[in-house]
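Results of the structural survey
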Amino acid sequence: MTFRRYGLAAALSLSVLGPLASAGPARAEDPASCLAVRMAEPGWNDLALTTGTASVLLDALGYKPSSNVLAINVIYAGLKQGDLDVFLGYWDPAMIQYYTPYKADGSVETVHLNLTGAKYTFAVPTYVYDAGVHDIADLSRFADKFGKKMYGIEPGSNELALNIIKDPTFHLEGWKVVESSEQGMLAEVDRKTRKQEWIVFQGWAPHPMNDKFKMSYLTGGDKYYGPNLGAATVSTQVRKGYMQACPNVATLLNNLTFDIPYENKGMDHLMGGMTPTKAAEKTIKEQPGHLDAWLKGVTTSDGKDGLAAVKAKLGL
């Protein structure tokens, strides 16, 4: 499997986002300043796919979408400061602690539930689960087997794991979180499972990891990840006032709802080496039935039929 590579993108400062793209002609619904739609995601394949999907649709509609890979805390700072417009990846409850201060001051708004049926918590290979590791509280009994390491993703996206280590009820003194990236973590899972070695890592669905690896999720993380193995929803968020300022894009964002089969298929393309936009294009073409709902009431940037324009651009 070839994993998505971003290099040091997650460490980029907001200065790389630059000013708004040059404005085009004014339209009846959105002002010219809405042509540039600035998005970001934290390097997670599911969010790369959904952001890529939005980019494909916006481009076909005549907008100028852009996306950067940034740490979660940087994304929220960017939305508050007006350097970003849209974030399609608010995982609830996993990202509550990141979002809470921005919700409190009203600088970031949650506008649409775009995925249900997700989950996010610690996972282990099934052979480790069968050996007696069923709960996060079991980790300490097998510290030597794990090398006192748990594997995470991008720096800035592992606060829950770090907090669990600090929680004295789990007896994880001396443990560390190995932070790298989603693709780096999964490469390590792949390497260790081939050798039947022990590893505990951040697992979630939707994601092709659930098909590639024989893996089991650990109980005991309700305080941090939420109940039912970190059962989660994913929502779309925007900077304050964006939906009112850009009503045509807002209609698209309110329509843009995903499902687990769409995301699993698209992430498989993505992890096979495609860019997020190419993976999104391929998945949309494989499942074109989503377009009618996504583009209901949406026009192009110059006021024409949005659905027709997207289908024409994609050759559907």
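Residues numbered from 1 in each chain as written. Predicted model: local features only at pLDDT ≥ 70, side-chain atom pairs only at ≥ 80, totals over all residues. Heavy atoms only, no water.

**Quick look at the overall build of the protein chain**
Assigned secondary structure in the protein chain consists of 16 helices and nine strands. In summary, the protein chain has a C-alpha radius of gyration of 20 Å against a globular reference of 20 Å for 316 residues, a match within 12%. Counting only C-alpha atoms and orienting by the principal axes, one finds that the protein chain spans roughly 65 × 40 × 30 Å. In the protein chain, buried positions account for 54% of the 316 residues. Put simply, 78% of the contacts in the protein chain that link residues at least 6 apart link residues at least 24 apart. By element, 53% of the accessible surface of the protein chain is carried by carbon and sulfur atoms, the whole surface being about 12,900 Å². (Helix = DSSP H or I, 4+ residues; strand = E, 2+ residues; numbered from the N terminus. Rg over C-alpha atoms; globule rule 2.2 N^0.38 Å. Buried < 20%, exposed > 50% of the residue type's maximum accessible area, 1.4 Å probe, protein only. Contact = heavy atoms within 4.5 Å. Areas by Shrake-Rupley, 256 points an atom, 1.4 Å probe, with all protein chains shown as cover.)

**Points about the environment of Val 37**
As for its placement among the helices and strands, Val 37 is situated in strand E1 (residues 36-41). On the basis of relative accessible area, Val 37 is assigned to the buried category, the value being 1%. Apart from residues lying up to four places away in sequence, Val 37 is in contact with Leu 58, Tyr 63, Lys 64, Pro 65, Ser 66, Asp 85, Val 86, Tyr 242 and Val 249.

**What to know about helix H2 (residues 72-81)**
For H2, the set of buried residues is Ile 72, Ile 75, Tyr 76, Ala 77, Gly 78 and Leu 79. Against E1, strand E3 (86-92), helix H3 (96-105), strand E4 (108-125) and strand E9 (231-239) lie the buried residues of H2. A positive backbone phi angle near 85 degrees is found at Gly 82, which sits one or two residues after H2.

**Regarding the side chain of Ser 181**
Tracing the sequence through the fold places Ser 181 in the loop between strand E6 (176-178) and helix H7 (182-194). If we skip the residues at most four places from it in the chain, Ser 181 touches Gly 152, Ile 153 and Glu 154.

**Regarding the environment of Gly 266**
Along the chain, Gly 266 turns up in helix H13 (residues 260-271). Residue class for Gly 266 comes out buried when judged on its relative accessible area of 0%. Separated by 10 residues in sequence, Gly 266 and Pro 276 place their C-alpha atoms 8.7 Å apart.

**Considerations on the pattern of salt bridges**
In this structure the tally under the stated criterion is 14 salt bridges. A salt bridge links Glu 188 to Arg 191; the shortest N-O distance between them is 2.6 Å. Taken as a pair, Glu 188 and Arg 191 lie in helix H7 at a separation of three residues, close to a single helical turn. Note on Glu 188: relative accessible area 17%, which makes it buried. Between Lys 304 and Asp 302 there is a salt bridge, and its shortest N-O distance comes to 3.9 Å. (Salt bridge = Lys/Arg side-chain N within 4 Å of Asp/Glu carboxyl O.)

**Examining the environment of Lys 313**
When you line up the elements, Lys 313 lands in helix H16 (residues 306-314). Separated by 252 residues in the primary sequence, Lys 313 and Leu 61 have C-alpha atoms spaced 8.9 Å apart. Dropping the residues within four chain positions of it, Lys 313 is found in contact with Asp 59 and Ala 60. A distance of 2.7 Å separates polar atoms of two side chains, one belonging to Lys 313 and the other to Asp 59. (Polar contact = N/O pair within 3.5 Å; in protein donor to acceptor, adjacent residues only side chain to side chain.)

**Here we look at the packing of aromatic side chains**
What the rule picks out here adds up to 17 aromatic pairs. Aromatic pair Tyr 76 and Tyr 99: ring centres 5.9 Å apart, planes at 25 degrees, arrangement stacked. Remark: Tyr 99 occurs in helix H3 and Tyr 76 occurs in helix H2; sequence separation between them is 23 residues. Comparing Tyr 76 with Tyr 99 shows no difference in burial state: the two are buried. A ring pair is formed by Phe 142 and Trp 198, whose centres lie 5.2 Å apart and whose planes are at 40 degrees; its orientation type is tilted. Highlighted residues: Phe 142 in the loop between helix H4 (126-130) and helix H5 (143-146) and Trp 198 in the loop between H7 and strand E7 (201-205), separated in sequence by 56 residues. (Phe/Tyr/Trp six-rings, centres within 6.5 Å; stacked < 30°, edge-to-face > 60°.)

**Regarding the pairing of E9**
As defined by bridge partners, E3 adjoins E9 across five bridges and the pair is classed as antiparallel. If you follow Asp 92 over to E9, its bridge partner there is Thr 233. (Pairing = 2+ DSSP bridges.)

**Focus on the nonpolar core**
As a rule of thumb, soluble globular proteins bury nonpolar side chains together. By size, the foremost hydrophobic cluster in this structure holds 99 residues, and its most contacted members are Tyr 76, Trp 91, Leu 139, Phe 146 and Met 150. Setting aside its immediate chain neighbours within four residues, Met 150 contacts Phe 122, Leu 139, Ala 161, Ile 165, Leu 172, Trp 175, Lys 176, Val 177, Val 178 and Val 200. (Core = buried A, V, L, I, M, F, W, Y, C linked by side-chain atoms within 4.5 Å.)

**Concerning the packing of helix H1 (residues 45-60) against helix H14 (residues 276-286)**
Close contact between H1 and H14 brings their axes to 8 Å; oriented N to C, the two are set at 75 degrees. Looking at the two axes, H1 sits roughly perpendicular to H14. Between H1 and H14, the residues in contact are Ala 48, Leu 49, Gly 52, Thr 53, Ser 55, Val 56 and Leu 57 and Pro 276, Thr 277, Ala 279, Ala 280, Glu 281, Thr 283 and Ile 284, respectively. Classifying every residue of the contact of H1 with H14 gives eight nonpolar, five polar and one charged. (Axes fitted to C-alpha atoms, helices over the stretch in contact; angles between N-to-C directions. Parallel < 35°, antiparallel > 145°, perpendicular 65-115°, else oblique. Nonpolar A, V, L, I, M, F, W, Y, C, P; charged D, E, K, R; others polar.)

**As for unusual backbone geometry**
Here the residue pair Asp 92 and Pro 93 is connected by a cis peptide bond, since its omega of 20 degrees sits within 30 degrees of zero. Residue placement: Pro 93 occurs in the loop between E3 and H3. Look at the link from Ala 205 to Pro 206: it is a cis peptide, with omega at 10 degrees. Examined against the element boundaries, Pro 206 turns out to sit in the loop between E7 and helix H8 (209-212). Its identity as a non-glycine residue notwithstanding, Asn 228 has a phi of 55 degrees, on the positive side.

Purely spatial values, then, with no claim about function.
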